[in-house]
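Structural overview for review
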Amino acid sequence: MTPHPVLPSARLPNVRHLETFYHVVSHRGICRAAGKPPHRIQQPAISEQIQALEQDIGHKLFDRQPFRLTQEGRQLYAIVARFFEELQAALPGLRGGLQTCVRIGADDLLIRHYLPEIVRPMAEAEGLRFTFQSASAMEMIEWLQAGKIDLVIAPTAGRVPPGLASVAIVERPLVLIVAKSSEIDSADQFWANGRVAPPLVCPGPQDGVSQVFRRGLKRGGLHWPVQIEAPSVASVAAFVAGGTSVGVSLDLACLLDRPDVRALPLRGFDPVSVCGVWRRPDTSRLKPLIRRIRHAARTW
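Keep in mind that what you see is a predicted model, and the values were worked out from it rather than measured.

The subject of this paragraph is the overall build of the protein. The helix and strand inventory of the protein stands at 11 helices and 12 strands. Taken over the C-alpha atoms alone, the protein extends approximately 100 × 50 × 25 Å along its principal axes. Taking all 300 residues of the protein together, the buried fraction comes to 45%. Of the contacts made within the protein by residues no fewer than 6 positions apart, 73% connect residues no fewer than 24 positions apart. Surface exposure of the protein reaches about 16,200 Å², of which carbon and sulfur atoms provide 53%. For the protein, the centre of its 36 positive side-chain charges and the centre of its 27 negative side-chain charges are spaced 3 Å apart.

This part is about the pairing of strand E10 (residues 246-250). Two faces, one strand: in a regular strand the side chains alternate between the faces of the sheet. The buried count for E10 comes to 5 of 5 residues, which makes it a mostly enclosed element. With burial as the criterion, each face of E10 is covered, one bearing Val 246, Val 248 and Leu 250 and the other bearing Gly 247 and Ser 249. Relative to E10, strand E7 (residues 174-179) is paired through 4 bridges, and the arrangement is antiparallel. Bridge pairing in E10 places Ile 177 opposite Gly 247.

A word on the packing of aromatic side chains. For the coordinates displayed, the defined rule picks out 9 aromatic pairs. Centre to centre, the rings of Phe 83 and Phe 84 are 5.0 Å apart; their planes meet at 70°, and the pair counts as edge-to-face. Classification of Phe 83 by relative accessible area gives partly exposed; the value is 47%. An aromatic cluster of at least three residues, connected via ring pairs, comprises Phe 21, Tyr 22, Phe 62, Phe 67, Tyr 77, Phe 83 and Phe 84.

Strand-to-strand pairing in sheets goes through backbone hydrogen bonds, with the strands running parallel or antiparallel. Here 5 strands make up an open sheet; going across it, the order is E4-E3-E5-E12-E6 and the pairing mixed. Each of the sheet's edge strands pairs with one partner strand only, and the pair in question is strand E4 (129-133) and strand E6 (164-172). Strand-to-strand twist in this sheet, taken as the mean axis angle between neighbours without regard to direction, amounts to 20°. Here 5 bridges tie strand E3 (residues 101-106) to E4, and the two strands are oriented parallel to one another. The residue of E4 that forms the bridge with Cys 101 is Arg 129. Sheet strands in contact with helix H7 (residues 137-145) are E3, E4, strand E5 (151-156), E6 and strand E12 (272-279), and its direction is about 155° off that of E5.

Moving on, we get to the pairing of E5. Across the 6 residues of E5, 6 count as buried, placing the element largely inside the fold. Note that E3 and E5 share 3 bridges and pair parallel. Directly across from Ile 104, in E5, lies its bridge partner Leu 151. As paired strands, E5 and E12 are joined by 6 bridges and run antiparallel to one another. Within E12, the position partnered with Ile 153 by the bridge is Gly 276.

Considering every residue of the protein, the mean pLDDT works out to 85; 90% of them sit at 70 or more. Here residues 1-9 is a poorly scored stretch, pLDDT under 50, and it has 0 contacts once near neighbours within four places are set aside; other chains count.

Let's shift gears to unusual backbone geometry. The residue after Gln 65, namely Pro 66, is reached through a cis peptide bond having omega -5°. If you check the backbone angles, Arg 28 has positive phi at about 60° while not being a glycine.

This paragraph deals with the environment of Leu 250. Among the structural elements, Leu 250 can be located in strand E10. The class of Leu 250 is buried, set by a relative accessible area of 1%. For the pair Leu 250 and Pro 155, spaced 95 residues apart in sequence, the C-alpha separation works out to 10.0 Å.

Parameters at a glance
Residues numbered from 1 in each chain as written. Predicted model: local features only at pLDDT ≥ 70, side-chain atom pairs only at ≥ 80, totals over all residues. Heavy atoms only, no water. Helix = DSSP H or I, 4+ residues; strand = E, 2+ residues; numbered from the N terminus. Buried < 20%, exposed > 50% of the residue type's maximum accessible area, 1.4 Å probe, protein only. Contact = heavy atoms within 4.5 Å. Areas by Shrake-Rupley, 256 points an atom, 1.4 Å probe, with all protein chains shown as cover. Lys, Arg positive; Asp, Glu negative; His and termini not counted. Charge placed at Lys NZ, Arg CZ, Asp CG, Glu CD. Pairing = 2+ DSSP bridges. Phe/Tyr/Trp six-rings, centres within 6.5 Å; stacked < 30°, edge-to-face > 60°. Axes fitted to C-alpha atoms, helices over the stretch in contact; angles between N-to-C directions. pLDDT = per-residue confidence, 0-100.

Structure, rendered in structure tokens:
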């Protein structure tokens, strides 16, 4: 019998380098990926690992400035993204039945006023367990990418990173909130002379509401500095009530149901989308919950 020849095995790239490449593409660049979870690896180490990976592959994987994947980079990312995303989706089951827990990151407003009546029936009828955390939309997206939560529900102002999926749950117009006693009866009065004077109350710059509002001001050639940065859109009205400040908020009844404030419509500004965002492999697992949230949002 003639023995089969022994073929040299191709050396596979270092798995840590592949994970770093996936991390960089998810954040659209080395600088943006530096220090971010889950590994919080710093820029020099990232650059060193990417260079080693490119040497192993034999091709440049992406342009640095501006960030853009090469053809080989796109091919490799399709492979590693599928692996890491499927692994993240499978880990709860591998770790012993935690697949019944749905970890939700949501805007504080939604946790207070809307989500309890949606998840309570699912918890009681289907035995699901829910946990909730709240932060800026950008920070919650990072938690999602790191596998720390399963679903983000928050106002967003742009595209989600690669490897994530999103769906619009509800769109609401922006409004300005003034004290009930204010003599202002139209938002246009604030910039009739080309300048804005009253103190502005607004959520932080990473909040989707703030980003959409800033975009509208820029289109109109206006500058309105924030004097009070509210922790969330849910707390804006509390800073406005009884004073001369003006707040940026959403046209939602739960935010405006106070006797000491009034809402002024903002014409010419884009509406804000409250979106659900998740990792692509989790679509089938989260689909019933997302469907219920979208259905309930019709009454918001």
